[in-house]
Amino acid sequence: MQVLVGKRAFLTALFVFLFVIPWIANEYHTFVANLILLYVILSLGLNLLIGFAGQLALANAAMYGIGAYGTGLLMKHFGLPFWISAPGGVAIAVISGTLLALPALRLSGIYLALATLAFAQFTFWLMTHWTPVTFGAGGFIPPPIDFSPLPITQETGIYYLSWGAALVLYVFAKHAMESPIGRAFVAIRDGEVAAQALGIDLLKYKSLAFALSGFYAGVAGALYSGMLGFVGPESFDLLQMVLHKAAVVLGGMGSVIGSLIGGVLLTVLVELTKEFKFSIEVAFGGLLIVFVLFQPNGVIVFVRRLLPGWNERLHYVPPGKETEEDFGAVPETDPEAPAEPDDPAEVPATQPRGGGPV
Amino acid sequence: MEYLSYLVATGISTGALYALVALGIVVIYKATQVVNFAHGEMFMLGGFFAYTFHVMLDWPYLPSFALAVALAFGVGIAVDRVAFRPLMQRQTLVSVLLVMIGLSFVLKGVARWLWGGKGDYLTFPPLISPEPLSFAGIMVMSQQLVVLGAACAVMVAFALFFKLTRAGRFMQATADNPKAAKLVGLRTDRVYMYTFGVGSAVAAAAAVLMAPLTLLYPDIGFMLFIKAFAAAVLGGLTSIPGAVVGGFLIGIIEQLAAGYLHTAMQEVAAFIVIMIVMIFIPTGLFGLGRMRKV
Amino acid sequence: MRRRYPVAALAAALAFGTGLAAGPASADVQMQGVTDNEVRIGAFGPFGGPVYLYGKLVMNGVEAVFDKVNSEGGVHGRNVVLVREDDNCKPEGAIAAVKKLAYDQKVFAIIGGACSNATLASVPELEKSGIPMVVNSAVADGITDPPKTNIYTTQLTSGVESRAQIDFALARGAKTMAVVRMTDAWAMARYNPLIAYAEEKGIEFVENLELGVDANDATPQALKLKGAGVDAVIMILYPKPGAVLIRDSLKIGSNPLWVGQTAINDFVAFEKQVGVPDALTNFVTITATAFQPSDPEVKDWTDRVKSLFPNDELSVFNMNGIGSAQVLVEALRKAGPDLTRDGFLAAMGSMDMEVDVYAGPIKCSAGESHQCNQHPGWLALEDGKVVKLQ
């Protein structure tokens, strides 16, 4: 049983399946599979920031857009090949992401969320108004990407680049979150004062969390511009932000493999809502509500309950099992979580309710 | 000179709308330390409720108004029950905010189902004559004066409520220290519930008064919320008079930016104000000097 | 052990893939979506979000036409079936929708395309698939200019409207003109040809102003227009900012010639939206459709829409769907009983017909212009009544 549905077997099967899709599926399904790979990357990056480091920023869609615009515009304005402009676009996203960490040093909770929301709206405004650079609201068509000498089309090339990026970024996230970096993130999430007392450098690790999520979103954005062959501002609006949040919550906050599953599920669900002519706003707004209220740790909890070998050391321990009465009490730990007293994840999330400047 | 005085006068009258919406945000924040991300949708729903009664069912103005406000009060209580109360106990702000964001999208989608087929921008009759009035040589829309009056009245009512009534002092106490408030026997749950109700009711009242000028459509909420939030944060997020002054200031800033810099600045001024205030003066103009520490 | 899986899979997949690289035979594609008693037509546009009117309501109009045709026995014995796809008004949504309709649902042709950017982004995909497309809502010129073999539009395109706006103002003797515009994709698709045409005509706009789609106030814009003493204002605005602009201008006693376009297409509703009595004496607007939903001439159609979709008010958006669907059905008819893509496109390419709801004839030319609707109608208010200007 464990061999068949173990985490590694599942991951291998998933990535092999995604690898062969362009040959076995029609163009539509291949396109959806490419979207899946992008949402896996986006969801992983956002989870590092929200789920692990506990920084509720609402600018992920903007970072995604910055990556896409950066890549496309470097190609368009300077005639650079994709191989140079994509890293350039990602670099711009990382820099913007890191800059967002500056307010995060002074702000937390609601304040941070709304300051980043204002930043996202400002970015959107720039995309539509900085016409000489961004071509304005009408968007632009980035030049085609040349994959020669490989005998493949742009679509296929971008697909396998996305596939490789998703795989590498998953493995990287997994290892990073099991390293001292992950522990530092979780410590910050669970209490900044305590984290500082443990000798964790807030400036360094908060910047790192923002830079990492900017990197992931930037990579997804760069691939997006190549995949669509069109970049316009409407792809990076509030709905996009909600989709990213839904992917993270659906999969499981603070779970790397959860993000992988969340990205896959989200993309499939988006196509299903279209298939059933259901309002995408109601579907994903509702999903966010239902999951946060009733299963705040995402579908990964069900998987973990059913299957052995799916535990992650630093996964957010669900406080959801507590009853109404233990307001502020230490919640029970998940019986299946390995007991490691030194593990910061064992400390319940005790954020102050309000947040605010700290 | 006429140019400048027009901009300032209009800034104050549109600012009154932001102030009225901001008051709801501030009252909820004061009691619960949470910004209701779906507050713009409370405005939108209030407007559509009134539209349903007054325009679709042809009921008289005042009963429609009252019923819309009452219904919005109910929706506010539902928000407390669904989004806030269950999550309070888990003490995670991230969760509360995520649920609010989800809620704002759900309400938009539901409004589109219910009223979206009725037209692109629905119209609602004004309380008084639609003709503009001359006010010291400056023409203003009479409905804007109604909103201005309402903003001041609601501000005074809230200020008195927090200062003079028992319930108001409960709210204040609950906000300052929820655990202590609970220990001394305050029914904090109830305080939160009524706060959400009152906040939504104020948004609905603002919507009914303002609908003749803003028109009604499912997406009206977000922009108003952002501008009202800018007003609230400029005023310090906990100050009742601060919200009103903040509203006027945002209104005036928008007008001046559009009038003297570029008309494109009208849209973006509020976002820039939010970023500047949050980073450089997070306590706002009227905020408490003491901020909550971790 | 696990490291070997991807390598093995890679090798297998490569071997497998080279065999399938060639596309399907073109003979099948010509008849895709056609059976003896059915022809499947796709549609894409938003079902939700701020601009769902351009998607859902237009599709309702299309559905009404198909319903009527089918109740009369279909086209050459085939029922016309509409397959709707939601694109969320996003580029990725539109591309996904086209791919789904072309390769998964395998429809014969597509009617629709609502949002300018989304439809524009889907053009390469449409061209690649070769599937015939009749655009009925999106206005951006770039969708059909330069002409693409398989894409036609029955909607007035942005360039046609923008030029008509300037010509109208000139014909009314306007000396100084200004433009007030939104800044989304829809507005930019109109604004760029507007500026190009103004340059061509040697017109310089004395004021070039922006107004947000959610604007609740336009006093600065109104003051600037008044200060510049403009005779005519070209409005590239949705009804809400349009209403706010006219209201605030009247407030300060300025009422130049307001030249609207098809987004403000319901005169009666717009008068209410402005909310000030006698506000529209100087307002004219373009209509793509000859009739308002309330006109008796189109009662047959509006009754059909109403009976199929009882919850929705009738709107001009329905009319757009009705008109384009009539053109599509006519092309299916002309293409004859042996329906193929090429036959359909040949029929579209020589289309010349009067349509119940459009202001002018629909005339396409395969070699020259795929923008089949070149006839903006003008509406104005005279003695309290909406009249069509000649």
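Residues numbered from 1 in each chain as written. Chains lettered and ligands numbered in written order. Predicted model: local features only at pLDDT ≥ 70, side-chain atom pairs only at ≥ 80, totals over all residues. Heavy atoms only, no water.

A few points about the overall build of chain A
Heads up, the rule is: A run of H or I in DSSP counts as a helix once it spans at least four residues, and a run of E counts as a strand once it spans at least two, with each numbered from the N terminus. In this scheme, a residue with accessible area under 20% of its type's maximum is buried, one over 50% is exposed, and one in between is partly exposed, where area comes from a 1.4 Å probe on protein chains only. When checking whether two residues touch, look at their non-hydrogen atoms; a contact exists if any pair is within 4.5 Å. Using a 1.4 Å probe, the Shrake-Rupley method yields the accessible areas, and only the shown protein chains count as cover for residues.
Check the secondary structure of chain A and you find 15 helices and 0 strands. A buried classification covers 65% of the 358 residues belonging to chain A. Restricting the contact set of chain A to residue pairs at least 6 apart, pairs at least 24 apart contribute 77%. With the model as given, the accessible surface of chain A reaches about 12600 Å², and the carbon-plus-sulfur share is 71%.

Quick notes on the overall build of chain C
Applicable threshold: Only C-alpha atoms enter the radius of gyration, while the globule expectation follows 2.2 Å times N to the 0.38, with N the number of residues. Positive residues here are Lys and Arg, negative ones are Asp and Glu, while His and the chain termini are left out of the count. Charge positions come from single atoms, namely NZ of Lys, CZ of Arg, CG of Asp or CD of Glu.
Helix and strand counts for chain C come out as 13 helices and 14 strands. Relative to the globule expectation of 21 Å for 390 residues, the C-alpha radius of gyration of chain C, 23 Å, shows essentially globular dimensions. If one aligns the C-alpha atoms of chain C with their principal axes, the spans along those axes are about 75 × 60 × 40 Å. Expressed as a percentage of contacts within chain C between residues at least 6 apart in sequence, the contacts between residues at least 24 apart total 72%. Within the structure as shown, chain C displays about 13900 Å² of accessible surface, and the carbon and sulfur contribution to it stands at 52%. Mean positive and mean negative side-chain charge positions of chain C (35 and 45 charges, respectively) differ by 6 Å.

Some points on the state of the cysteines
Residues and elements named next belong to chain C. Definition in use: Two cysteine sulfur atoms make up a disulfide if the distance between them is within 2.5 Å.
Applying the stated rule across the entire model yields 2 disulfides over all chains. Put simply, Cys89 and Cys115 are joined by a disulfide, and their sulfur atoms are 2.0 Å apart. One disulfide, between Cys89 and Cys115, carries an S-S torsion of -120° and so falls in the left-handed class. One end of the pair, Cys89, is in the loop between strand E2 (79-86) and helix H4 (91-104); the other, Cys115, is in the loop between strand E3 (109-112) and helix H5 (116-129), and 26 residues separate them in sequence. Taken individually, Cys89 and Cys115 each receive the classification buried, so the pair is uniform in this respect. Two residues share a disulfide in this structure: Cys364 and Cys372, whose sulfurs sit 2.1 Å from each other. Torsion about the S-S bond of the Cys364 and Cys372 cystine: about 120°, corresponding to right-handed handedness. Of the two residues, Cys364 and Cys372, neither departs from the other in class, the shared state being buried.

A look at the interface of chain A and chain B
We apply this condition: Joining two parts hides part of their accessible area as seen by a 1.4 Å probe, and the buried area is that hidden amount summed over both. In what follows, salt bridge is the name for a side-chain nitrogen of Lys or Arg lying within 4 Å of a carboxyl oxygen of Asp or Glu. For this analysis, a polar contact is any N or O atom pair within 3.5 Å, provided that within protein one partner can donate a hydrogen and the other can accept it, and provided that sequence-adjacent residues contribute only side-chain to side-chain pairs. Charged means Asp, Glu, Lys or Arg here, nonpolar means Ala, Val, Leu, Ile, Met, Phe, Trp, Tyr, Cys or Pro, and polar covers whatever is left, Gly included.
Opposite the 53 residues of chain A that make contact, chain B presents 55 residues. Surface buried jointly by chain A and chain B totals about 5200 Å² across both partners, of which 75% is contributed by carbon and sulfur atoms. Linking chain A with chain B are 1 salt bridge, by the criterion used here. Taken together, chain A and chain B are joined by 2 residue pairs in polar contact (both at pLDDT 80 or more). Of all elements in the fold, only helix H5 (82-106), helix H6 (109-129), helix H12 (238-251) and helix H14 (280-294) of chain A reach the threshold of two or more residues within the side of chain A that touches chain B. Broken down by element, the residue count for the side of chain A that touches chain B peaks at 13 residues, all from H6(A). Partitioned by chemical class, the residues of the side of chain A that touches chain B number 35 nonpolar, 12 polar and 6 charged.

A look at the domain arrangement of chain C
The accessible area lost on association of the parts is a frequent measure of interface size. Residue and element names in this part refer to chain C. The criterion, for reference: Delimitation of the domains relies on an automatic or database domain assignment.
One can read the domain layout of chain C as domain 1 (32-156 + 296-375) and domain 2 (159-287). Each of domain 1 and domain 2 has a C-alpha centre, and the two are 30 Å apart. In this assembly, 13 residues from domain 1 lie in contact with 14 residues from domain 2. For the domain 1 and domain 2 pair, buried surface summed over both sides reaches about 1100 Å², with 59% attributable to carbon and sulfur atoms. For the pair domain 1 and domain 2, the interface holds 0 salt bridges. Residues of the side of domain 1 that touches domain 2, tallied by class, amount to 7 nonpolar, 5 polar and 1 charged.

Quick look at the interface of chain C and chain A
Taken together, the contacts link 38 residues of chain C with 33 residues of chain A. A combined buried area of about 3200 Å² lies between chain C and chain A, and 62% of that area is made up of carbon and sulfur atoms. Here chain C and chain A share 6 salt bridges between them. A:Glu275 is the salt-bridge partner of C:Lys100, the closest N and O atoms lying 2.4 Å from each other. Along the contact surface separating chain C from chain A lie 14 residue pairs in polar contact (both at pLDDT 80 or more).

As for the pairing of strand E6 (residues 177-181) of chain C
Residue and element names in this part refer to chain C. Under the convention used in this document: Any two strands with at least two DSSP-identified bridges between them are counted as paired.
The buried fraction of E6 is high, at 5 of 5 residues. Of the two faces of E6, both are covered, the one formed by Met177, Val179 and Arg181 as well as the one formed by Ala178 and Val180. Pairing between E6 and strand E7 (residues 205-210): 5 bridges, direction parallel. The residue bridging Met177 from the neighbouring strand is Phe205, located in E7.

As for helix H9 (residues 239-251) of chain C
Residues and elements named next belong to chain C. We apply this condition: Given the number of residues in a helix, its expected span is that number minus one, multiplied by 1.5 Å.
Here H9 spans 18 Å end to end across 13 residues, near enough to the 18 Å set by a 1.5 Å rise per residue. Buried residues dominate H9, accounting for 12 of its 13 residues. Inspection of H9 places Pro239, Lys240, Pro241, Gly242, Ala243, Val244, Leu245, Ile246, Arg247, Asp248, Ser249 and Lys251 among the buried residues, and these make up the whole buried set.

Side note on the sheet that holds strand E5 (residues 151-153) of chain C
All names here are of chain C. How we decide: The angle between two axes is taken between their N-to-C directions and runs from 0 to 180 degrees, where each axis is a line fitted to C-alpha atoms and a helix contributes only its stretch in contact.
On the basis of which strands lie adjacent, the open sheet formed by 5 strands has the order E2-E1-E3-E4-E5 and parallel pairing. Each end of this open sheet is capped by a strand with a single partner; those strands are E2 and E5. The average undirected angle you get between the axes of adjacent strands in this sheet is 25°. In the packing of helix H3 (residues 56-71) onto the sheet, the strands contacted are strand E1 (38-45), E2 and E3, and the crossing angle to E2 comes to about 165°.

Structural notes on the packing of helix H3 (residues 27-52) of chain A against H4(C)
Applicable threshold: For this classification, under 35 degrees means roughly parallel, over 145 means roughly antiparallel, 65 to 115 means roughly perpendicular, and everything else is oblique.
Packing of H3(A) against H4(C) brings their axes to within 7 Å, and their N-to-C directions diverge by 150°. Compared by their axis directions, H3(A) and H4(C) come out roughly antiparallel. Facing A:Glu27, A:Tyr28, A:His29 and A:Phe31 of H3(A), the residues of H4(C) in contact are C:Glu92, C:Ile95, C:Ala96, C:Lys99, C:Lys100, C:Tyr103 and C:Asp104. Of the residues contributing to the contact of H3(A) with H4(C), the split by class is 5 nonpolar, 1 polar and 5 charged.

Structural notes on the pattern of salt bridges
Under the counting rule described, the total for this entry stands at 25 salt bridges over all chains. Measuring nitrogen to oxygen at the nearest pair gives 3.1 Å for the salt bridge that ties B:Glu254 to B:Lys227. Here B:Glu254 is found in helix H10 (residues 240-261), whereas its partner B:Lys227 is found in helix H9 (residues 220-234), with 27 residues between them in sequence. You'll find B:Glu254 and B:Lys227 in the same group, each marked buried. Of the charged contacts, one joins C:Arg304 and C:Asp67 as a salt bridge, the two residues approaching to 3.6 Å between their closest N and O atoms. Here C:Asp67 lies in helix H3 and C:Arg304 lies in helix H11 (residues 299-308), a separation of 237 residues in the sequence. Taken together, the shared-partner salt bridges connect A:Glu27, A:Glu155, C:Lys99, C:Glu125 and C:Lys128 into one network.

Section: the side chain of B:His39
Inspection of the secondary structure assignment puts B:His39 in helix H2 (residues 39-56). With residues near it in sequence (within four places) discarded, B:His39 still touches B:Val21, B:Gly24, B:Ile25, B:Ile28, B:Gly199, B:Ser200, B:Ala203 and B:Phe225.

As for the confidence of the model for chain C
Segments scoring low in pLDDT should not have their predicted coordinates read at a detailed level. Residue and element names in this part refer to chain C. Rule in force here: Values of pLDDT, which run from 0 to 100, indicate the predictor's confidence residue by residue.
Per-residue pLDDT for chain C averages 87, and the proportion of residues at 70 or more is 93%. Within the model, pLDDT remains below 50 along residues 1-25, and this stretch shows 17 contacts once partners closer than five positions in the same chain are excluded. Scored as a complex, the prediction yields pTM 0.89 and ipTM 0.90.

Comments concerning helix H8 (residues 188-214) of chain B
Helical periodicity: at 3.6 residues per turn, an α-helix aligns residues three or four positions apart in one direction. Residue and element names in this part refer to chain B. Worth spelling out the cut-off: Given a residue, its bend is the angle between the two axes fitted to the seven residues that end at it and to the seven that start from it.
Over its 27 residues, H8 runs 36 Å from end to end, which matches the ideal 39 Å to within 8%, given 1.5 Å per residue. Most pronounced at Val208, the bend in H8 amounts to some 40°, and the proline Pro212 follows within four residues. Here H8 lies mainly inside the structure; 22 of its 27 residues are buried. Immediately beyond the C-terminal end of H8, within one or two residues, lies Leu215, with a positive phi of roughly 65°.

Notes on the environment of C:Ile252
Within the secondary structure layout, C:Ile252 lies in the loop between H9 and strand E9 (257-259). Residue contacts for C:Ile252: discarding those within four places in its chain leaves B:Tyr6, C:Ala222, C:Leu223 and C:Lys226.

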